[in-house]
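Observations on the three-dimensional arrangement
Read off the chains here:
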Amino acid sequence: GSSNSDSHVDVLIVGAGPAGMMASMHLSELGISHRIIDHRGTRTLNGRADGFHVPTVEIWESFGLYNHIEQYGERFGHWGLWTFGEDPEAGIYRQHRGYIPSQDKARHEIVTMNQGMIEAALGDGVRARNGPVVERGTKPVELTIDESLANDLSSYPITARVYHARKSELPDVWTGAHTVQEDGSLKRERGFIDAFGTDPHEFENHVNGVEGTTETIHAKYVIGTDGAHSWVRRQLPDFKMEGDTSDEVFGVVDIIPSTNFPDIRKTCSILSRAGFLLQISRENGLVRLYVQFPEGYETSETKAKDNEAATLTDILAAARKMYYPYTMDYKYCDWWTIYRVGQRVCNKASHLDRIFLAGDAIHTHSPKGGQGMNVSQHDTYSLTWKIAGVLKSQLPPSVLQTYEQERLPIARNLIELDNDMAKVLLARANRDEAEVQRVYKRLSEFSGAISTYKTNMVVGNGARQNAAAGLPIGSRFSNATVYSQADGPATPTQSLLKSNGLWRLIVFAGDVSSHTQLSKVNALGDRLAALQQRYPPLSTRQKHFLEILLFHASPVSAVEFADFHNTFFPKDDILGRNYYTIYGDEDGVDALEKEKRCHAIYRVDETKGALVVVRPDQITAWVGGLDDVGEMEDWLAGFMVGKAEGKRKNSPRDEQDDGVM
Ligand code: FAD
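Residues numbered from 1 in each chain as written. Predicted model: local features only at pLDDT ≥ 70, side-chain atom pairs only at ≥ 80, totals over all residues. Heavy atoms only, no water.

**Structural notes on the overall build of the protein**
- What the protein contains, in helices and strands, is 16 helices and 32 strands.
- Overall, the C-alpha framework of the protein stretches about 80 × 65 × 40 Å when taken along its three principal axes.
- Within the protein, buried positions represent 60% of all 661 residues.
- In the protein, 75% of the contacts between residues at least 6 apart in sequence involve partners at least 24 apart.
- Split by element, the accessible area of the protein, about 25900 Å² in all, is 49% carbon and sulfur. (Helix = DSSP H or I, 4+ residues; strand = E, 2+ residues; numbered from the N terminus. Buried < 20%, exposed > 50% of the residue type's maximum accessible area, 1.4 Å probe, protein only. Contact = heavy atoms within 4.5 Å. Areas by Shrake-Rupley, 256 points an atom, 1.4 Å probe, with all protein chains shown as cover.)

**A closer look at helix H7 (residues 312-323)**
- Counted at 1.5 Å a residue, the expected span for H7 with its 12 residues is 16 Å, and the 16 Å between its end C-alpha atoms agrees.
- Taken together, the buried positions of H7 are Leu312, Asp314, Ile315, Leu316, Ala317, Ala318, Ala319, Met322 and Tyr323. (Expected span 1.5 Å × (residues − 1).)

**Focus: the site of the ligand**
- What surrounds the ligand is a group of 30 residues, the closest being Asp38, Arg40, Arg48, Gln115 and Tyr290.
- Backbone polar atom of Pro18 to an oxygen atom of the ligand: 3.3 Å apart, as the coordinates give it.
- Contacts to the ligand include Arg288, whose side-chain N or O atom sits 3.0 Å from an oxygen atom.
- When the ligand sits alone it has 960 Å² of accessible area, and the protein chains cover 86% of it. (Near = heavy atom within 4 Å. Polar contact = N/O pair within 3.5 Å; in protein donor to acceptor, adjacent residues only side chain to side chain.)

**Section: the packing of helix H1 (residues 18-29) against helix H4 (residues 115-128)**
- Relative orientation of the contacting elements H1 and H4 amounts to 15°, with a least axis distance of 9 Å. On the basis of the axis angle, H1 is roughly parallel to H4. In the crossing of H1 with H4, the sense of the turn from one axis to the other is left-handed. Contacts between H1 and H4 involve Pro18, Met21, Met22, Ser24, Met25 and Ser28 from the former and Gln115, Ile118, Glu119, Leu122, Gly123, Gly125 and Val126 from the latter.
- Residue composition of the contact of H1 with H4, grouped by class: seven nonpolar, five polar and one charged. (Axes fitted to C-alpha atoms, helices over the stretch in contact; angles between N-to-C directions. Parallel < 35°, antiparallel > 145°, perpendicular 65-115°, else oblique. Left-handed = near helix turned anticlockwise from the far one by under 90°. Nonpolar A, V, L, I, M, F, W, Y, C, P; charged D, E, K, R; others polar.)

**Notes on the sheet that holds strand E14 (residues 241-243)**
- The three strands lie next to each other as E14-E20-E23, forming an open sheet whose pairing is antiparallel. The open sheet has two edge strands, E14 and strand E23 (363-364), and neither has a second partner.
- Where E14 meets strand E20 (residues 344-346), three bridges bridge the pair, whose relative direction is antiparallel. Bridge pairing in E20 links Gly243 to Arg344.
- Against the sheet, helix H9 (residues 401-425) engages E20 and E23, with an angle of about 175° to E20. (Pairing = 2+ DSSP bridges.)

**What to know about the packing of aromatic side chains**
- Under the definition given, this model contains 21 aromatic pairs.
- On the numbers, 5.5 Å between centres and 70° between planes, the contact of Phe561 with Tyr579 is edge-to-face. Here Phe561, found in the loop between strand E27 (546-555) and strand E28 (571-572), pairs with Tyr579, found in the loop between strand E29 (576-577) and strand E30 (582-586); they are 18 residues apart in sequence, far enough to count as distant.
- The exposure class of Phe561 is buried, given its relative accessible area of 14%.
- An aromatic cluster of at least three residues, connected via ring pairs, comprises Phe477, Phe508, Phe551, Tyr583 and Tyr602.
- Geometry around Tyr221 places Arg354 over its ring, the cationic atom sitting 5.0 Å from the centre.
- Over the ring of Phe569 we find Arg577, and its NZ or CZ is 4.4 Å from the ring centre. (Phe/Tyr/Trp six-rings, centres within 6.5 Å; stacked < 30°, edge-to-face > 60°. Lys NZ or Arg CZ within 6 Å of the ring centre and 35° of its normal.)

**Observations concerning the sheet that holds strand E16 (residues 267-272)**
- A sheet is described by the order of its strands in space; here nine strands give the open sequence E6-E5-E16-E17-E18-E15-E19-E11-E12, paired in mixed fashion. At either end of the open sheet lies a strand with only one pairing partner, and these are strand E6 (92-98) and strand E12 (186-188). Within this sheet the neighbouring strands show an average axis-to-axis angle of 25°, counted without direction.
- Taken together, the five bridges between E16 and strand E17 (residues 275-281) define a ladder with antiparallel strand orientation. Its bridge partner lying in E17, Ile270 is registered against Leu277.

**A short note on the domain arrangement of the protein**
- Taken domain by domain, the protein consists of domain 1 (3-72 + 113-168 + 194-243 + 343-423), domain 2 (248-341) and domain 3 (465-638).
- With centres defined by C-alpha atoms, the gap from domain 1 to domain 2 works out at 31 Å.
- When domain 1 packs against domain 2, close to 1200 Å² is buried across both sides, 53% of that on carbon and sulfur atoms.
- Among the residues domain 1 hides against domain 2, the three largest losses belong to Asp50, Pro367 and Lys368. Together they make up 41% of the total.
- Applying the counting rule to domain 1 against domain 2 returns three salt bridges.
- The residue Glu248 makes a salt bridge to Lys368 at a minimum N-O spacing of 3.5 Å. (Domains from an automatic or database assignment. Buried area = accessible area lost by both parts, 1.4 Å probe. Salt bridge = Lys/Arg side-chain N within 4 Å of Asp/Glu carboxyl O.)

**Quick look at the pattern of salt bridges**
- Enumeration over the complete set of coordinates arrives at 45 salt bridges.
- Residues Asp254 and Arg288 are paired through a salt bridge, measuring 2.4 Å at the closest nitrogen-oxygen approach. On the criterion of sequence distance, the pair formed by Asp254 in strand E15 (residues 248-259) and Arg288 in strand E18 (residues 287-292) is long-range, its members being 34 residues apart. An identical accessibility class is assigned to Asp254 and Arg288; each is buried.
- The salt bridge involving Glu631 is made with Arg464; its shortest N-O contact spans 2.8 Å. Here the residue Glu631 occupies a position in helix H14 (residues 629-637), and Arg464 occupies one in the loop between helix H10 (433-447) and strand E24 (481-484), the gap between them amounting to 167 residues.
- Through salt bridges with shared partners, a single ionic network connects Asp50, Asp254, Arg282, Glu283 and Arg288.

**Re the environment of Ser168**
- Assignment of secondary structure puts Ser168 in the loop between strand E10 (158-164) and strand E11 (178-180).
- A C-alpha to C-alpha distance of 9.6 Å links Ser168 and Glu211, two positions 43 residues apart in sequence.

**Here we look at empty space enclosed by the protein**
- Overall, the coordinates contain seven cavities of 30 Å³ or more when judged by the stated rule.
- Taken together, 18 residues make up the lining of the second largest cavity; nearest its centre are Phe76, Ile280, Lys368, Gly369 and Gly370.
- For the lining of the second largest cavity, the elements supplying multiple residues, two or more each, are E17 and H10.
- The class makeup of the residues in the lining of the second largest cavity is 10 nonpolar, six polar and two charged. (1 Å grid on protein atoms, 1.4 Å probe; cavity = no way out; pocket = protein on both sides within 12 Å on 5 of 7 lines; lining within 4 Å. Points joined across faces, edges and corners; volume = space filled by probe spheres on them.)

**Points about the side chain of Gln532**
- Within the secondary structure layout, Gln532 lies in helix H12 (residues 525-534).
- Beyond its immediate chain neighbours, meaning those up to four positions away, Gln532 contacts His544, Phe545, Leu546, Glu547, Ile548 and Thr567.

**Thoughts on H14**
- For H14, the complete set of buried residues consists of Val629, Met632, Glu633, Trp635 and Leu636. All buried residues of H14 project into a common sector of 160° when viewed along the axis, lining one side.
- Considering only its buried residues, H14 is in contact with strand E26 (503-510), H12, strand E31 (610-614) and strand E32 (620-624). (Arc of directions from axis to C-beta.)

**Quick word on the pairing of strand E13 (residues 213-224)**
- Counting buried positions along E13 gives 12 out of 12 residues, so the element sits mostly inside the fold.
- Direction of pairing for E10 relative to E13: antiparallel, over a ladder of seven bridges. The residue bridging Thr159 from the neighbouring strand is His218, located in E13.
- Taken together, the three bridges between E13 and strand E22 (residues 355-357) define a ladder with parallel strand orientation. Counted as the bridge partner of Gly224 is Leu357 from E22.

Here's what the structure looks like:
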């Protein structure tokens, strides 16, 4: 096909997996013009990644997508640990069952659901924000960047030529779903592919562009979320995946099992004489089996270690040996694959701070911890607001360097965790239960995103961390309960951190029943109101860049709205008062033990209070005392672009581009 059109866009996303869809949803929320292309004709239909960890649940909640998880996800309850003993004839026995260590402390549970549902739900999130549909059947064929323009903010330095396939060139859509008939023959089934919405654009081959033509797209930024074999990565100089050269091979199946295995609805880590198997309970009555063949384990029916052509029959034959003395069979299979993956991290994630890679394109690892799809979404969640910040003249382009500074260490931690899990879970001799508990605890903690970003342009240095020691700088904002001053209900603090581009200042007001303390807090009002005006909002939908929330350490019945300065109880000319900015530690009806109050949980002294700045991606960025307001202003001024400065830097073209898509 010949090049038949030319267009401009702020951001081009290549690849509509979980990472690409999260990028699209966040950019849509922030009103950034973008396109998203994918070479496949459909979204993922089923199978593939399925572990959905707590921070990802929290992030989805902040986009209003929690209902999808509740409706379709399978809650991760007890976990079973199975192993084998001395007697070679005896098969596996249960070593332990219970919750995954630390898991019981989280506000949400881990859930599992197939990647198709995840992509479909993110698609809903994009639609709800007026974002673009995924342009399917479309792949980039050429990607160049004019380096001389890389520092010119108004330019479109990237040129991508994309090809819109002919439908006839796309592979037939079939998920591998089938039933086993009475006579043992297999009948092809459609699977659960339309269980998550009825838009055929997602599950029947689709080409959005003019079939068989190429198009030239000029972009300011490109996000390469095109998976482990990333084409975008291969176009970039000096980008290398580093790590193991050999891959682990898993046989992976999603079946509705018929079995007498007692822990079939639990997630189980099974180390048998015949190899390692991970069993994960899933939506729609399905069970996911990961069958990993131990080194040197080769029989006539399983050559999977070296031979990707191992069939479903081979995988099940191996699984049956691992379940012995229990049975394992199925009548319905939803999906299966041979998944070959190595532990690798890319040496870079950004090219000239114009082309970024995220997700599997920069990190691959075994599915043991069920982390890939989570970390991949977190990558783009944390990248997109920074890009929006630059496009909206709130943040300088150098903020984009923090993407790689923050995300590559997380990717490396992820690989280390994967290594640790492999070492412990596959240890052949006498499985040490304490060690297994330890790696699962580590997994939980990783999932709880305790891993922290180091000080950088948008993560403060922690000099005043003691003012709120329970909110470590550089970590995700953890949860506590507060009570609405307006109407009383218990409110998880995390639920106040919607992903809508707002920076937040949490004013821990302390015990405002003390007149001195209340005056001290109110004295900040004018100054904070002025601060709100100083920088442009990151999202077109927001009036201010900064939302101010006030948490006080008194029962809500002890104070009135009118006791607080207008900045904490803001009034809009048209919308009237916002009643949901002030919260107390107690509902004023039932007294709460001190250690359950939010000031105690975040380790804020009630007689002093604290100021905490939270980034648009729910990361605690700065902590100080009420007296440190000047330092906080200086810290923000150190990287934020003022309104006047932004105007000067912006070309007229940027102003026009402020609209949505
Ligand atoms: P992906 O989900 O891989 O998304 C990449 C997207 O980019 C895809 O939609 C793809 O069509 C598109 N794309 C690729 N190349 C191009 C191109 N040149 N042009 C345009 N578009 C392109 N993880 C597990 O935890 N458990 C599993 O069992 C498991 N099985 C998997 C099986 C397969 C066959 C694959 C490919 C992956 C599997 N994964 C599994 C990995 C898991 O899917 C990823 O970790 C996760 O989805 C990461 O999200 P992502 O968006 O970065 O990448």
